[in-house]
Each structure stands twice: as structure tokens, then as C-alpha cells.
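Structural features, examined
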Amino acid sequence: MNIYKISKAFLKILTAVLLVNVSALHAQNTLKEIDVDGFKVIIKNTGKDVISARLFVTGGTANYPLDKQGIEAVAYSYIIKGGTTSMSKTEFLAAAEKMGTTFGSDASLDFGELNMQCLKESWDRSWLLFTDALMNPAYDPNEFANKKEQFISYARQNEGDPDSRLERITVETAFKGKNYEKDPYGSENTLASLTLDDIKAFINANLCKQRAFLVIAGNVSESDVIEKVRSSLAKLPEGIPAPKEPVTKIEQPGQDIESRKISTNYLSGIMSGIPWDSPDAIAMMVAMSIMYDKYFVELRTKRGLSYAPAAYMNGDAITNPYSVFYITTDHPKDAINVMVDIINNVRKNGFTEDEFAKSKSAYLTRYFMRLETASSQTQNIGRWKLRGNLNAFDNFEALVNAVTVQDINRVFTGNTGNIKWNYLGDETKVSPEDFKQLEKIGF
């Protein structure tokens, strides 16, 4: 047996061991969903002494108008580390640093979040800091001015970064006039117009029982969590549910070209996905994972057209699920041809049994390896809750193993009918005719 065969065999064994160990870790722990005086909490006792607490706020871009885009990201970042009515920012951060406790926040298309991670030995004190920041923010005007300038600087950087710009225009043009048109991290103009009163009003409207829920993972008991939540988050106002917008499907194929003088050209194709509470969503996730592998082999390894091609179903797009094909390339015409030819080939001939079997195992391994930390687990649990399919977290391996090659061929062919292309780069290297569309297959 040569070195290549030995290495390949070793990788297979390693993959099998990792899959068994990590999936077994999740199978032995189940989620507990409880209601504490009207406030929803999901607990996962991992037995580990690193504890993650993550507060999800539903709605995302539905919770603010276009001219206030960015407000959620600024508001949550501002209050989670900005001090409280009883502690200055400096005192708050010093107390957290002394314990090794970290705080963070994020904003995305359909939800925002505020999170905390700590060791078991400092769980009680860290919880007090976390809930104090959420319920009694200092609202210091100087700190607000600093935070706003920080985000304006981010917005300028994102505008200049080709990857960030492509991601933004991909979603913005596909969902023009809808909530997804809004940038969760805002633009320079909308951020500059935000006031401290805007932030206060936003926090008061959104940190409420009807929009927020908490996920905790770590060595915690249910009785301890109930006691802590009852004395803090359960006292949040009732509020009203986040606004809901009808689902938007991407039904008009086409292309948008944005000229920019950069050394490498950026290209993406976006298509509507499958509702997350549908059994077919798992099949589509597997199908896009196989497409990722196909693009890597065909576009990078065999043809050298790109360093990092990709294909994925966006896990944060809850209301309007969508899938993306992505590439950076010096040869955009050639790259588009190959990308579309691969899609057409799969739609005509389907994925093979062999590539399906190989990719499914690798997909599960990658999935579980991304869930090794308490923080990644609370993030994943919250996403499945938002997707209306919380049971998928504990049953993910069984759900993936239940998928057949016929399933992925059916969902891929039936849900990849229209591609909306976006191109950022040298406009002399492409023309609208280069953006090929998919061949009609049976409909």
C-alpha cells in the first residue's frame, strides 16, 4: 500500500471516529424547552464547565425601517458592553475580564442576538452582569457617540471590501423593496442619522417576551436557570410579536454588473431555497454541500479558475431561505460557463450514489465538528428554534441519514430554476450575455 492509500485510509478512519464521538456527544444530551413566567428558555446541559447564554430577538430587518438600517447592530453592541445604571463601562468590563467572561452581539436578516460565555465557577456573577446589561443599560451619550463612529467606520470598510460588497448587493438586488434589502449593519448615512433616543426606543420595543428567547448550554441545572430567569429576564415587558412579511421568492433570473477596479473579480448567483420547517430543507442542505465539493474539484483543482469557489444554503435567512453559488476569479466568462454547466448536468443527470454516499459522511463530520463549543451549540440551537424545527438539533444525524439520493436530486432540480447573478469587478471582462441561465428541465 503506497503512502497515498495509507493516508486516504487513515482519513476515512479518522472521519468515522470523529463522527461517532461527536454525534454521540449530542445524542446523549437532549434539549429542554421551558417557560418561566411567560419567557421562553431552551437548556442544553452539556456537563461541560464552559457555559454559553445567548438571547435571540426575532424579527431582524423587519424591526426597523430602511432609513434606520444598522440600528439593531449598534443598539445591541452598545448595551452589551456599555456599562449599566450601577456600573460604568470600565467597571463592567474590568469585572468581566477578571472572571474571563466574554460578551458579544450580532444582527442579521431575521434575528439579532446578545450573548455571554463564562466558566462554571463564575456563572452566578457573570449572569448578573449579563442581565444587568440587558435590563439596565447605562445609555451613556459619550459611549453612544463612540459606538456610532465605530460602526460608521465598519460601514466604510465593508463598502470597500469586495466580499462584503458582493454579499450585500446579492441580497439587496434579489429582495429589492423587501425587508432583506436592509443591511443589518447599516450604511454610513443611516448610521450617522441614529440618535440615542432611537436606540432607547428600539431596545424598549424589542427586548420583550414576545420577541426574545434564551438558549443556555453548559453544566447548568434547570432549577438554577428558572431561579435566575425568574428574577431577571422574566420581568421584561410582554411587548408584541415581530412584524411578519409575506415570503418573497426569487422568480426573475438576471444579472447585475457593478464595475470596480480590483485585481480579482467577484461573482455570486442567488436562488430561492426551501422553507426550513420542510423535510426537504435537510435534503437541500446536503445537495448544496455536494455542490460545494463539486465546485472545489472542477473550478479550483482541475481548471484553476478560482482559489475559493463555494455553494451553500444561507443558514441565517429564515423567512426567505436562499442558496448561493460564489466564486472569485480572473476569468469570469470561463467560470460562469463551468458553474452553470455543472448545475445543468446535475439537474439533468442527478448526483450519483457514490458521490452522495461520500459527501453525506463528510458533511455530517463537518457539521458536528462545528458544534464542539458551548457557544456554537447555543447559536445552532437558536437557529433551529427560529426555523420552526427545534427537534432537528438533536436529530440532525438521523435526518441526514434518512435523506436519499433521489431526495436530493428531486429538491435540487425542483428548486434551482432561476439564478440571479451579481458581478463585482472588471466590467470589460463580461457582458450580460455571459450570465447563462439554467436549462429548463421538465417544467
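To be clear, the structure that these remarks concern was listed above.
A brief report on the enclosed structure follows. (Residues numbered from 1 in each chain as written. Predicted model: local features only at pLDDT ≥ 70, side-chain atom pairs only at ≥ 80, totals over all residues. Heavy atoms only, no water.)

What about the overall build of the chain?
Within the chain, the secondary structure is distributed over 15 helices and eleven strands. In terms of overall dimensions, the chain is globule-like: its C-alpha atoms have a radius of gyration of 23 Å, near the 22 Å expected for 443 residues. Seen through its C-alpha atoms, the chain measures out along the principal axes to roughly 60 × 50 × 40 Å. Sorting the 443 residues of the chain into buried and exposed places 53% on the buried side. Intrachain contacts of the chain at a sequence separation of at least 6 include 81% that bridge at least 24 residues. Carbon and sulfur atoms make up 52% of the accessible area of the chain, which totals about 19,800 Å². (Helix = DSSP H or I, 4+ residues; strand = E, 2+ residues; numbered from the N terminus. Rg over C-alpha atoms; globule rule 2.2 N^0.38 Å. Buried < 20%, exposed > 50% of the residue type's maximum accessible area, 1.4 Å probe, protein only. Contact = heavy atoms within 4.5 Å. Areas by Shrake-Rupley, 256 points an atom, 1.4 Å probe, with all protein chains shown as cover.)

Some words on the pattern of salt bridges
Considering all chains together, one arrives at 24 salt bridges under this definition. The closest approach of N and O atoms between Glu-188 and Arg-156, which form a salt bridge, is 3.0 Å. With Glu-188 in helix α7 (residues 188-192) and Arg-156 in helix α5 (residues 141-160), this pair connects stretches of sequence that are 32 residues apart. For Glu-188, a relative accessible area of 36% corresponds to the partly exposed category. On the basis of relative accessibility, which here comes to 47%, the residue Arg-156 falls in the partly exposed class. Through salt bridges that share partners, Asp-124, Asp-224 and Lys-228 make up one connected network. (Salt bridge = Lys/Arg side-chain N within 4 Å of Asp/Glu carboxyl O.)

Some thoughts on the pairing of strand β3 (residues 50-58)
In regular strands, side chains alternate between the two faces of the sheet. Taken across its nine residues, β3 has seven buried, putting it largely inside the fold. Relative to strand β5 (residues 111-119), β3 runs antiparallel, the two sharing nine bridges. In the sheet register, Ser-52 faces β5, and the bridge partner there is Gln-117. Sheet topology note: the β3/strand β6 (residues 212-218) ladder contains six bridges and is antiparallel. (Pairing = 2+ DSSP bridges.)

Considering the nonpolar core
Formed by 61 residues in total, the largest nonpolar core has its most connected members in Met-291, Phe-325, Ile-408 and Phe-412. Among the elements that take part in this core, helix α10 (residues 280-302) stands out by supplying twelve residues, more than any other. Contacts of Phe-325, omitting those with residues within four sequence positions, involve Leu-267, Ser-268, Gly-269, Met-271, Met-288, Met-291, Tyr-295, Ala-310, Ala-311, Met-339, Ile-343 and Phe-412. (Core = buried A, V, L, I, M, F, W, Y, C linked by side-chain atoms within 4.5 Å.)

With respect to a nonpolar patch on the surface
Together, Tyr-292, Phe-296 and Val-297 give the surface a local cluster of nonpolar side chains, amounting to about 230 Å² of exposed area. Looking at the element boundaries, Phe-296 is found in helix α10. (Patch = residues over 30% accessible without salt bridge, like charges linked within 9 Å, V, L, I, M, F, W, Y side chains within 5 Å.)

Structural notes on the sheet that holds strand β1 (residues 32-36)
Within the open sheet, the six strands sit side by side as β1-β2-β6-β3-β5-β4. Their pairing is mixed. Each end of this open sheet is capped by a strand with a single partner; those strands are β1 and β4 (102-107). The sheet shows a mean angle of 20° between the axes of neighbouring strands, direction not considered. Relative to β5, β4 runs antiparallel, the two being bridged by six bridges. (Axes fitted to C-alpha atoms, helices over the stretch in contact; angles between N-to-C directions.)

Comments concerning the packing of α10 against helix α14 (residues 391-402)
It is the contact of α10 with α14, at a shortest axis distance of 9 Å, that shows an interaxial angle of 75°. The angle between α10 and α14 places the two elements in the roughly perpendicular class. Contact with α10, carried on its side by Ile-282, Met-285 and Val-286, involves Phe-396, Leu-399 and Val-400 of α14 and no other residues of that element. Its residues placed into classes, the contact of α10 with α14 shows six nonpolar, no polar and no charged. (Parallel < 35°, antiparallel > 145°, perpendicular 65-115°, else oblique. Nonpolar A, V, L, I, M, F, W, Y, C, P; charged D, E, K, R; others polar.)

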